[in-house]
Amino acid sequence: MNYRAIRYFLGQILKIEAAFLIPPLLISVFLGEGSSVQGFAITIGITAAVAFLLPIRTKRDRRIFAREGFVIVALGWILLSFFGALPFYISREIPSLLDAWFETVSGFTTTGATILSDVEALSSGLLYWRSFTHWLGGMGVLVFLLAILPLASGGSSLHILRAESPGPDTGKLTPKLRQSVGILYLIYVVLTVLETVLLLIGGMPIFDAITTAFGTAGTGGFAIKNSSMAAYNYFCQGVVSVFMLLFGVNFSIYYLVLVGQFKRLFKNEELRAYLIIIFGATLLIAINNFTAFPSFYDALHHSFFQVSSIMTTTGFSTVDFNLWPEFSRMLLLILMVIGACAGSTGGGFKVARLLVMIKSLRNGMKKLIHPRAVKVMTLDGKRLDSSNILSVQWFSTAYFITIGISLLLVSLDNHSMDTSISGVFACVNNIGPGLDVIGPIGNYSVFSPLSKLVLSVDMLLGRLELFPLLLLFSPSVWRKHAK
C-alpha cells in the first residue's frame, strides 16, 4: 500500500474543495449573509490547512494500483462530505452535524434526499453550495482532477477512474486517458451551459437556472424551492425533463456523435433499452393517471417528467406522485432500481447490468434444454467474456445484501413499509424522494440518527458502486506488502 500517494491524492481533493467553496462565500458576502459567510470562511481555512498538511513528504512515489485507487476514492468521498458539511453546521443553518453530513452526502452522491422541511429558509450561498455539490459529484471530483492535473504516471490514473466512475465498464475514449476525461468533462460543461441558457429563455431567474442546471447535470435533484419544479412553467419543466434524460445517457454516446460514428450509436443496446423503458413507462403512467389531470397532454407532461426524473435518479418533481394510483407508484419503484445508463451521471442498478442479467437468464434457460450447446453472449455486438458476467453477479450479490441489511436497520424506526423500502431504495440508488412520508413533499428528518447514518452510508455505497467503500473493511487492502 502506497500511503504517501494516498495522502497526496486526498490533499489534492481537499484543495479542489476549498477552491470551490470560494464562489458561495462570495455570494454570501455580496448578499450580506453573515452566518453563512462565517461558515464558509472557517470551512475554507480548515479544509485548506488539512489539504496542505496531508501531502507533506509525498513527492517521491505517486504510483498507485487497484487497491490504492479504491482507497483514495472511498476516503476522498468521505472527506469531501465531511468538510462540505461544515458550512451548514458552522453557520447553524443546519444545527445538527449528522443532519449536515446527511445533506452533504446526499449532495455529493447526487441523491437529493433532504432533511430540510423549508429549503427556501437557507441562505443563497448555502443553496448554491448545496446544488453545486450535485454538479461536482455527478462526474466525480477525482475525474475532474484527472482532467486538469497530471496526477499520476503510466496507467495509475485509470485505477482511480475505474474506482470512481459509475457503470460496469469504464474505458478510455482515446488512447490518452487525460484526453478522454477532458472530452467527458467538456461534454458535461457544454450540456450544463446549454440547459442554463434554455432555462433563462424560459423565464427562469438566473440563480434558479444555474442551481437547477447543477441539479439536472449531476442527476441530483436538490431544488431551491419547496415545491421543487412545480414552481416553474411548462417550458422550463420540459427543458429539465429532456436534460435529465440526456444526462442519464452514457457519455461515450455523445463522443460517438461528435466523431460521426452513427452506426455504433444505433447499435447500442443499452441506449435502445433505456429509451424504450422511459417512453413505455411514461405512456403506461399517463394512461393510468389521465383522469387526475385536465387533459391527456398534462398527464403525459407530468408522467414524462417523473419517469425521466426517477429513472435517471435525479429526484425533481412537478407533482406529488405519492398520490398516484398504486400501479404508477409501483412502476416508479421499479424504475428506481433499474436506474440510468452505465457511464452517465445517473445512479441505480444500471440498464447495462440489467441487459447482462437478462441475457444470462436466457442463456441459462437454453442450457437446460440443450446442455451441450455453446452460446456466446454479446452486448452491442461485442462478446461478453466471463469476467464481465462475473462482475455483474458480484455487484448484484453485494447490492441485494446491502439493501437487505439496510432495510432491517431502518425498520427499527417502525415507519410504514412504503417509507422504509422506498427510503432504502432511494438512497442506495441515489434518487432522493421515496414514497409515503418521504415523498416529493416530505423529507428524511423523520428518521432516527441511526437510520440517517445507515442511509448516508447507502448513498455513498450507491454512488461508488459498493466496492470502493466495502473494500475499506478488508484487512488485505491495508497490508503494506500485499499483492
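Before reading on, note that the structure itself is shown above.
Just so it is clear, the model here is predicted, and its values are computed rather than measured.

Observations regarding unusual backbone geometry
Alright, step 1. Even without being glycine, K350 reaches a positive phi, approximately 90°.
Alright, step 2. Looking at where K350 falls in the secondary structure, it is placed in the loop between α16 (326–338) and α17 (351–369).
Alright, step 3. For K350, a relative accessible area of 1% corresponds to the buried category.
Alright, step 4. The phi dihedral of L466 is positive, around 75°, even though this residue is not glycine.
Alright, step 5. By the element assignment, L466 lies in the loop between α20 (449–463) and α21 (467–470).
Alright, step 6. Assessed through its relative accessible area of 1%, L466 is described here as buried.

Here's the deal with α17
Alright, step 1. Taking 1.5 Å of rise per residue, 19 residues should cover 27 Å, and α17 covers 28 Å from first to last C-alpha, within 8% of that figure.
Alright, step 2. When we look at burial in α17, the residues that qualify are V351, A352, R353, L355, V356, K359 and N363.
Alright, step 3. Contacts from the buried residues of α17 go to α14 (269–289), α15 (296–311), α16, β1 (378–379) and α18 (386–410).

Here we look at the environment of P23
Alright, step 1. One can find P23 in helix α2 (residues 22–31).
Alright, step 2. With a relative accessible area of 31%, P23 lands in the partly exposed category.

Points about the nonpolar core
Alright, step 1. The biggest cluster of nonpolar side chains holds 134 residues, and the ones touching the most others in it are Y274 and Y444.
Alright, step 2. Ignoring anything within four residues of it in the chain, the contact list for Y274 reads M244, L245, G248, V249, M311, T312, A340, C341 and V351.

Here's the deal with the packing of aromatic side chains
Alright, step 1. All told, the structure shown has 27 aromatic pairs when counted by the stated rule.
Alright, step 2. Centroid distance Y128 to F132: 6.0 Å. Interplanar angle 5°. Geometry classified as stacked. Residue Y128 and its partner F132 are both found in helix α6 (residues 124–139); the two are separated by 4 residues, about one turn of the helix.
Alright, step 3. In this arrangement the basic side chain of R353 is found over the ring face of F395, its NZ or CZ atom lying 3.6 Å from the centre.

Observations concerning the side chain of R353
Alright, step 1. Tracing the sequence through the fold places R353 in helix α17.
Alright, step 2. In this structure R353 comes out as buried when scored by relative accessible area, which is 4%.
Alright, step 3. At a separation of 3.0 Å, a polar atom in the side chain of R353 contacts the main-chain carbonyl oxygen of F349.

Considering the packing of helix α10 (residues 206–217) against helix α11 (residues 234–247)
Alright, step 1. The interhelical angle for the contact between α10 and α11, taken along N-to-C directions, is 35°, at an axis separation of 9 Å. Contact residues: T212, T216 and A217 in α10; V240, F243, M244 and F247 in α11.
Alright, step 2. When its residues are assigned to classes, the contact of α10 with α11 shows 5 nonpolar, 2 polar and no charged.

Observations concerning the environment of R130
Alright, step 1. Note on placement: R130 falls in helix α6.
Alright, step 2. Looking at R130, the relative accessible area reads 2%, which means it is buried.
Alright, step 3. Note: C-alpha distance between R130 and R7 (123 residues apart in sequence) is 26 Å.
Alright, step 4. Setting aside anything within four residues of it in sequence, one finds R130 in contact with F88, E103, T114, L116, V119, L122, F222 and A223.
Alright, step 5. Of the polar contacts made by the side chain of R130, one reaches the side chain of T114; its length is 3.5 Å.

Criteria and cut-off values
Along each chain, the written sequence defines residue order, and numbers are assigned to residues from 1. Thresholds applied to this predicted model are a pLDDT of at least 70 for local features of residues and 80 or more for the giving and counting of side-chain atom pairs; totals over whole chains, interfaces and linings are not thresholded and use all residues. The basis for every side-chain value is the complete set of heavy atoms in the structure, and neither hydrogens nor water enter the calculation. Numbering goes from the N terminus for both helices and strands, where a helix is a DSSP run of H or I of at least four residues and a strand is a run of E of at least two. Burial classes follow relative accessibility: with a 1.4 Å probe on protein chains only, a residue under 20% of its type's maximum area counts as buried, one over 50% as exposed, and anything between as partly exposed. Multiplying one less than the number of residues by 1.5 Å gives the expected span of a helix. The contact criterion used is simple: two residues touch if any of their non-hydrogen atoms lie within 4.5 Å. The term nonpolar core refers to a set of buried residues drawn from Ala, Val, Leu, Ile, Met, Phe, Trp, Tyr and Cys, joined through side-chain atoms within 4.5 Å. Each Phe, Tyr or Trp ring, with Trp reduced to its six-membered ring, pairs with another whose centre is within 6.5 Å; inter-plane angles below 30 degrees give stacked pairs, above 60 give edge-to-face pairs, and intermediate values give tilted ones. Put simply, a charge is over a ring when the Lys NZ or the Arg CZ is close to the ring centre, within 6 Å, and near the line of the ring normal, within 35 degrees. Any pair of N or O atoms that falls within 3.5 Å is considered a polar contact. Within protein, one atom must be able to donate a hydrogen and the other to accept it, and sequence-neighbouring residues count only if both atoms are side-chain atoms. Lines fitted to C-alpha atoms define the axes here, with helix axes fitted over just the stretch in contact, and angles between the N-to-C directions of these axes take values from 0 to 180 degrees. Gly falls in the polar group here, along with every residue not listed as nonpolar (Ala, Val, Leu, Ile, Met, Phe, Trp, Tyr, Cys, Pro) or charged (Asp, Glu, Lys, Arg).

That's the geometry; what it means functionally is another story.
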